[in-house]
Amino acid sequence: MEAGAADALLSALCVAFTLGMFSTGLSDLRHMWMTRRVDSVQFLPFLTTDVNNLSWLSYGTLKGDGTLIVVNAVGAVLQTLYIVVYLHYCPRKGTELLQTAALLGVLLMGFGYFWVLVPNVEARLQQLGLFCSVFTISMYLSPLADLARVIQTKSTQRLSFSLTITTLLTSASWTLYGFRLRDPYIMVPNIPGILTSLIRLWLFWKYPQEQDRNYQLLQT
């Protein structure tokens, strides 16, 4: 396979897997729409993913990378839709609005810094890439507390198998994409996504759903 065709295939895989990962939120969207309640749906992942998408969208625009632009533009639209629907059906919006305002403030200050105070394009690209990398790594590592809880309770009920698979495929494809471009800001932050996904798969094997039900029956 020629280099150009391989790059096009890898780019397409990145787009397909990432949009697949983003679309897992559609089940939460359908739940909120049908029940008109937010119940167990978590708000913060929508918000942090939206900020992450907007940050990578800026990096992709500055770098002139069409793959990054398409994926993160669509991702930002989806996450914003999830946020709007959540806020519409959430009976008490105080905490969620405060979190939104805080992250938007950070985002605006970041944009002001990168686009106004860093006039050199190359320096701006490096600093913005570093920010995006650190933010992405923190998102991938944030569920570690949930993984510890799974081990403690011997139950994988709180984990999503479909999200685990799509995260693994997404992280692996972006790692290869970053390696292909020789861009450490894309490659490095996706490695933790591979590792945490493999840990989740091991937990699904260690504590299968049937065992979860048996364990819960013993606890009652």
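Since this is a predicted model, take the numbers as computed values, not measurements.

The rules we used
- Residues numbered from 1 in each chain as written.
- Predicted model: local features only at pLDDT ≥ 70, side-chain atom pairs only at ≥ 80, totals over all residues.
- Heavy atoms only, no water.
- Helix = DSSP H or I, 4+ residues; strand = E, 2+ residues; numbered from the N terminus.
- Rg over C-alpha atoms; globule rule 2.2 N^0.38 Å.
- Buried < 20%, exposed > 50% of the residue type's maximum accessible area, 1.4 Å probe, protein only.
- Contact = heavy atoms within 4.5 Å.
- Phe/Tyr/Trp six-rings, centres within 6.5 Å; stacked < 30°, edge-to-face > 60°.
- UniProt positions renumbered as here; feature names shortened; annotations may be inferred.
- Expected span 1.5 Å × (residues − 1).
- Salt bridge = Lys/Arg side-chain N within 4 Å of Asp/Glu carboxyl O.
- Polar contact = N/O pair within 3.5 Å; in protein donor to acceptor, adjacent residues only side chain to side chain.
- Core = buried A, V, L, I, M, F, W, Y, C linked by side-chain atoms within 4.5 Å.
- pLDDT = per-residue confidence, 0-100.

Let's talk about the overall build of the chain
Part 1 of the reasoning: When helices and strands are tallied, the chain shows 11 helices and zero strands.
Part 2 of the reasoning: Reading the secondary structure of the chain in the N-to-C direction produces α-α-α-α-α-α-α-α-α-α-α.
Part 3 of the reasoning: Over its C-alpha trace the chain gives a radius of gyration of 19 Å, about what one expects of a compact globule, namely 17 Å for 220 residues.
Part 4 of the reasoning: With the principal axes as the frame, the chain shows a C-alpha extent of 65 × 45 × 30 Å.
Part 5 of the reasoning: Across the 220 residues in the chain, those meeting the buried criterion constitute 40%.
Part 6 of the reasoning: Expressed as a percentage of contacts within the chain between residues at least 6 apart in sequence, the contacts between residues at least 24 apart total 76%.

Thoughts on the packing of aromatic side chains
When we look at a pair of aromatic rings, we describe it by the centre distance and by the angle of the planes.
Part 1 of the reasoning: Counting across every chain of the model gives nine aromatic pairs.
Part 2 of the reasoning: Ring geometry for Phe 46 against Tyr 82: centres 5.1 Å apart, planes inclined by 45 degrees, an arrangement best described as tilted. With a gap of 36 residues between them, Phe 46 in helix H3 (residues 44-63) and Tyr 82 in helix H4 (residues 66-89) connect regions that are remote in the sequence. When sorted by exposure, Phe 46 lands in the same class as Tyr 82, which is buried.
Part 3 of the reasoning: Chaining the aromatic ring pairs together yields one cluster made of Tyr 113, Phe 114, Phe 131 and Phe 135.

Considering the UniProt feature "transmembrane region" (unreviewed entry) in the chain
Part 1 of the reasoning: UniProt tags residues 66-85, 97-116, 159-179 and 185-205 as "transmembrane region" (unreviewed entry).
Part 2 of the reasoning: The distance from the first to the last C-alpha atom of residues 185-205 is 32 Å, and the span holds 86% helix and 0% strand.

Some words on helix H5 (residues 94-117)
Part 1 of the reasoning: Look at H5: 33 Å from first C-alpha to last across 24 residues, which is about the 34 Å you get at 1.5 Å a residue.
Part 2 of the reasoning: The inward-facing, buried residues of H5 abut H3, H4 and helix H6 (121-141).

Quick word on the pattern of salt bridges
Part 1 of the reasoning: Under the defined criterion, the tally for this structure stands at three salt bridges.
Part 2 of the reasoning: A salt bridge links Asp 7 to Arg 180, with the nearest nitrogen and oxygen atoms 2.5 Å apart. Taken as a pair, Asp 7 in helix H1 (residues 3-23) and Arg 180 in helix H8 (residues 161-181) lie far apart in primary sequence, 173 residues in all.
Part 3 of the reasoning: Taking the relative accessible area as the measure of exposure, Asp 7 reaches 32% and is therefore partly exposed.
Part 4 of the reasoning: Under the relative-accessibility criterion, Arg 180 is labelled partly exposed at 39%.
Part 5 of the reasoning: The partner of Asp 39 in a salt bridge is Arg 37, and the shortest N-O contact between them spans 3.2 Å.

So, the side chain of Thr 49
Part 1 of the reasoning: Examined against the element boundaries, Thr 49 turns out to sit in helix H3.
Part 2 of the reasoning: Within the structure, Thr 49 has its side chain in polar contact with the backbone oxygen of Pro 45 (distance 2.6 Å).
Part 3 of the reasoning: Setting aside residues no more than four positions away along its own chain, Thr 49 makes contact with Phe 22, Gln 79 and Met 139.

Topic: H4
Part 1 of the reasoning: Taking 1.5 Å as the rise per residue, H4 with 24 residues should run 34 Å; its terminal C-alpha atoms sit 35 Å apart, in good agreement.
Part 2 of the reasoning: Measuring from the backbone nitrogen of Thr 67 back to the side-chain oxygen at the start of H4 gives 3.0 Å, which picks out Asp 65 as the cap.

Quick word on the nonpolar core
Part 1 of the reasoning: If you look at the biggest cluster of nonpolar residues, it comprises 35 residues, and the most contacted ones within it are Met 32, Tyr 59, Tyr 86, Trp 174 and Ile 186.
Part 2 of the reasoning: For this core, the secondary-structure elements that each account for two or more residues are H1, helix H2 (25-35), H3, H4, H5, H6 and H8.
Part 3 of the reasoning: Per element, the largest residue contribution to this core is nine residues, and it comes from H4.
Part 4 of the reasoning: Setting aside residues up to four positions removed in sequence, Met 32 forms contacts with Arg 37, Val 38, Val 41, Phe 46, Tyr 82, Val 85, Tyr 86 and Tyr 89.

A look at the side chain of Ser 171
Part 1 of the reasoning: Structurally, the position occupied by Ser 171 is in helix H8.
Part 2 of the reasoning: The class of Ser 171 is buried, set by a relative accessible area of 0%.
Part 3 of the reasoning: A polar atom in the side chain of Ser 171 sits 3.2 Å from the side chain of Tyr 140.
Part 4 of the reasoning: When sequence neighbours within four positions are dropped, the list of residues in contact with Ser 171 reads Tyr 140, Asn 190, Gly 193 and Ile 194.

Description of the confidence of the model for the chain
Part 1 of the reasoning: On average, the chain scores 86 in pLDDT, and the residues at 70 or more come to 93%.
Part 2 of the reasoning: Confidence, read as mean pLDDT per element, is least for helix H11 (residues 209-219) in the chain (47) and greatest for helix H9 (residues 184-187) (96).

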